[in-house]
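Each chain is listed here by its residues.
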Amino acid sequence: MLQKDMKAIEQSFSVQFRYGVYFTQGLFDSKNSLLAEVLQQDKGTAPRKVFFVIDSGVAAAHPGLVEDIKLYTSRHKEVMKLLAEPMLITGGEEVKNSTELLQKLLEAVNNFRIDRHSYFIAVGGGAVLDMAGFAAAIAHRGIRHIRIPTTVLSQDDSAVGVKNSFNFFDKKNFLGTFAPPFAVINDSDFLLTLHDRDWRSGISEAIKVALIKDAAFYQEIKKDAIKLAQRDMPAMQRLIHRCAEMHVEHIGGADPFETGSSRPLDFGHWAAHKLEQLTNYELRHGEAVAIGIALDTTYSMLKGMLTKEEHEDVLTLLQELGFELYVPALSQLEAGSEQLSVIKGLQEFREHLGGKLTIMLLNKIGEGVEVHHMDEPLLLQAVEELKKRHQPQPAA
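Residues numbered from 1 in each chain as written. Predicted model: local features only at pLDDT ≥ 70, side-chain atom pairs only at ≥ 80, totals over all residues. Heavy atoms only, no water.

Focus on the overall build of the protein chain
Consideration 1: Scanning the protein chain from N- to C-terminus turns up 16 helices and 11 strands.
Consideration 2: Taking 2.2 N^0.38 as the reference for a compact globule, 396 residues should give roughly 21 Å; the C-alpha atoms of the protein chain span a radius of gyration of 22 Å, in line with that estimate.
Consideration 3: C-alpha extents for the protein chain along the principal axes are approximately 70 × 70 × 40 Å.
Consideration 4: The proportion of buried residues among the 396 residues of the protein chain is 51%.
Consideration 5: Taking contacts inside the protein chain between residues at least 6 apart in sequence as the whole, the part at least 24 apart equals 75%.
Consideration 6: As presented, the protein chain carries roughly 19,100 Å² of accessible surface, and 51% of it is formed by carbon and sulfur atoms.
Consideration 7: For the protein chain, the separation between the mean place of its 43 positive charges and that of its 53 negative charges on side chains is 6 Å. (Helix = DSSP H or I, 4+ residues; strand = E, 2+ residues; numbered from the N terminus. Rg over C-alpha atoms; globule rule 2.2 N^0.38 Å. Buried < 20%, exposed > 50% of the residue type's maximum accessible area, 1.4 Å probe, protein only. Contact = heavy atoms within 4.5 Å. Areas by Shrake-Rupley, 256 points an atom, 1.4 Å probe, with all protein chains shown as cover. Lys, Arg positive; Asp, Glu negative; His and termini not counted. Charge placed at Lys NZ, Arg CZ, Asp CG, Glu CD.)

Quick word on the pattern of salt bridges
If the charged atoms of two oppositely charged side chains come close together, the side chains can form a pair.
Consideration 1: Under the counting rule described, the total for this entry stands at 21 salt bridges.
Consideration 2: Measuring nitrogen to oxygen at the nearest pair gives 3.4 Å for the salt bridge that ties Glu276 to Lys172. Of the two residues, Glu276 sits in helix α12 (residues 269-278) while Lys172 sits in strand β8 (residues 171-178), which places them 104 residues apart along the sequence. Comparing Glu276 with Lys172, the two get one shared label, buried.
Consideration 3: A salt bridge links Lys222 to Asp313; the nearest nitrogen and oxygen atoms lie 2.8 Å apart. On the criterion of sequence distance, the pair formed by Lys222 in helix α9 (residues 215-223) and Asp313 in helix α14 (residues 308-320) is long-range, its members being 91 residues apart.
Consideration 4: In this structure Lys222 comes out as partly exposed when scored by relative accessible area, which is 32%. (Salt bridge = Lys/Arg side-chain N within 4 Å of Asp/Glu carboxyl O.)

Observations regarding empty space enclosed by the protein
Consideration 1: One pass over the full model with this rule turns up one cavity of 30 Å³ or more.
Consideration 2: Reported here for the largest cavity is a volume of approximately 40 Å³.
Consideration 3: Along its surface, the largest cavity is lined by Gly126, Leu129, Asp130, Arg147, Ser158, Ala159, Lys163 and Asn164.
Consideration 4: Sorting the residues of the lining of the largest cavity by element identifies α5 (126-138) and β7 (163-168) as the ones contributing at least two each.
Consideration 5: If you tally residues by element for the lining of the largest cavity, the top one is α5, at three residues.
Consideration 6: For the lining of the largest cavity, the residue count by class is two nonpolar, three polar and three charged. (1 Å grid on protein atoms, 1.4 Å probe; cavity = no way out; pocket = protein on both sides within 12 Å on 5 of 7 lines; lining within 4 Å. Points joined across faces, edges and corners; volume = space filled by probe spheres on them. Nonpolar A, V, L, I, M, F, W, Y, C, P; charged D, E, K, R; others polar.)

A word on the packing of aromatic side chains
Consideration 1: Scanning the entire structure with this criterion turns up eight aromatic pairs.
Consideration 2: Ring geometry for Tyr119 versus Phe182: centroids 5.1 Å apart, planes at 80 degrees, classification edge-to-face. Of this pair, Tyr119 sits in strand β5 (residues 119-124) while Phe182 sits in the loop between β8 and β9 (183-187); the two residues are 63 residues apart in sequence, bridging distant segments of the chain. Each member of the pair Tyr119 and Phe182 is classed as buried.
Consideration 3: Aromatic pair Phe134 and Phe166: ring centres 6.1 Å apart, planes at 15 degrees, arrangement stacked. Separated by 32 residues along the polypeptide, Phe134 in helix α5 and Phe166 in strand β7 bring together distant segments of the chain.
Consideration 4: Classification of Phe134 as buried rests on a relative accessible area of 7%.
Consideration 5: Here a set of aromatic residues connected by ring pairs shows up, and it is made of Phe28, Phe52 and Tyr72. (Phe/Tyr/Trp six-rings, centres within 6.5 Å; stacked < 30°, edge-to-face > 60°.)

Section: unusual backbone geometry
Consideration 1: Of note, the phi angle at Asp170 is positive, near 60 degrees, even though the residue is not glycine.
Consideration 2: In this fold, Asp170 is placed in the loop between β7 and β8.
Consideration 3: For Asp170, a relative accessible area of 67% gives the class exposed.

Examining α12
Consideration 1: Of all 10 residues making up α12, nine are buried, and the element is well covered by its neighbours.
Consideration 2: Positive backbone phi, at 55 degrees, marks Asn280, one or two positions downstream of α12.

Description of the pairing of strand β2 (residues 48-55)
Consideration 1: A large share of β2 lies buried, amounting to seven of its eight residues.
Consideration 2: Summarising the sheet, β2 and strand β3 (residues 80-82) pair through three bridges and their orientation is parallel. Counted as the bridge partner of Val50 is Leu82 from β3. (Pairing = 2+ DSSP bridges.)

Brief notes about the layout of surface pockets
Consideration 1: Taken as a whole, the second largest pocket holds about 560 Å³ of empty space.
Consideration 2: Around the second largest pocket, the lining comprises 22 residues; the ones closest to its centre are Phe17, Arg144, Pro180, Pro181 and Phe182.
Consideration 3: Contributions of two or more residues to the lining of the second largest pocket are made by β1 (20-24), α5 and β6 (144-149).
Consideration 4: When residues of the lining of the second largest pocket are assigned to their parent elements, the largest contribution, three residues, is made by α5.
Consideration 5: The class makeup of the residues in the lining of the second largest pocket is 11 nonpolar, seven polar and four charged.

Okay, here's the thing in structure tokens:
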């Protein structure tokens, strides 16, 4: 009970966050001074203590990477000091399910005396960056974190934002923090060794943001579709830069830490997150997002919001880029129920948002609109439309 003679104390303050997203080639080449210059932005005078966490798949694809990092830090010893041998950890979504690996990272923080003024530098795909960023955020209430993303998906989307996460209770991103990085450095050389699936996967996030925000960017992706499918690097660099730019602009808007229920950048994601889980993460995130985009675009068309021509345009583009628009998990039923398992993803998405369901759909290409209800029979129809499109049509 409030004492009558004691007024409530109200606290109010703002904190400005600022970080750069940089683009380069050959980051750890002896002639490339970008990382050293980024570290010097803290205005310190003593060598900065740095610790590297590296996706083991990236290290395998780039056999000289660990030695290059060790040589780079020694050549810039006036700027940085390597605290320990770089730590290799398993890549892929499974890393975000491993409490053992999370424990291992926290033990490294403790054992190597990594403090809040040290730099926790993660090199890898989005899942490794998510997990390493989560460890950095919860150790000492926050260690300076630098992300070096190595996939299209992480370079154009996940790594440039302020979120870190870990899967728990069989739910994607159940644990997590909002912790802006000290910097993000995109090195396009890492893309050269990507599997075709990983090259393609990140393109879906660019299509997503173009569909809801920028029709001109969507047309650019269409124009470059063949080049992108054929792994043309200049076309991919253009896509990554514009996609990252749009994500940064949005994140720096009115709700960077997502205190409300609006998530426009999660277009296509409510189904994608569930499909990842239903396929035991055999689907890449970007592949699941492509299916989610196809589903919500089809639903938007069936709802009378999007024209059939625009609907066909979007699905054709996804297929031209090599995306599958249907997997059997999309039609999987809940045990002992007639309800599609993927529809349970709506409930989980609502809980993740904070209680109010908010789904982004399309009014037209380049213009998204939020709705707070999804019609289940119409969703079933949308799934069937994608299933029919997936199945080869009988010859006439």
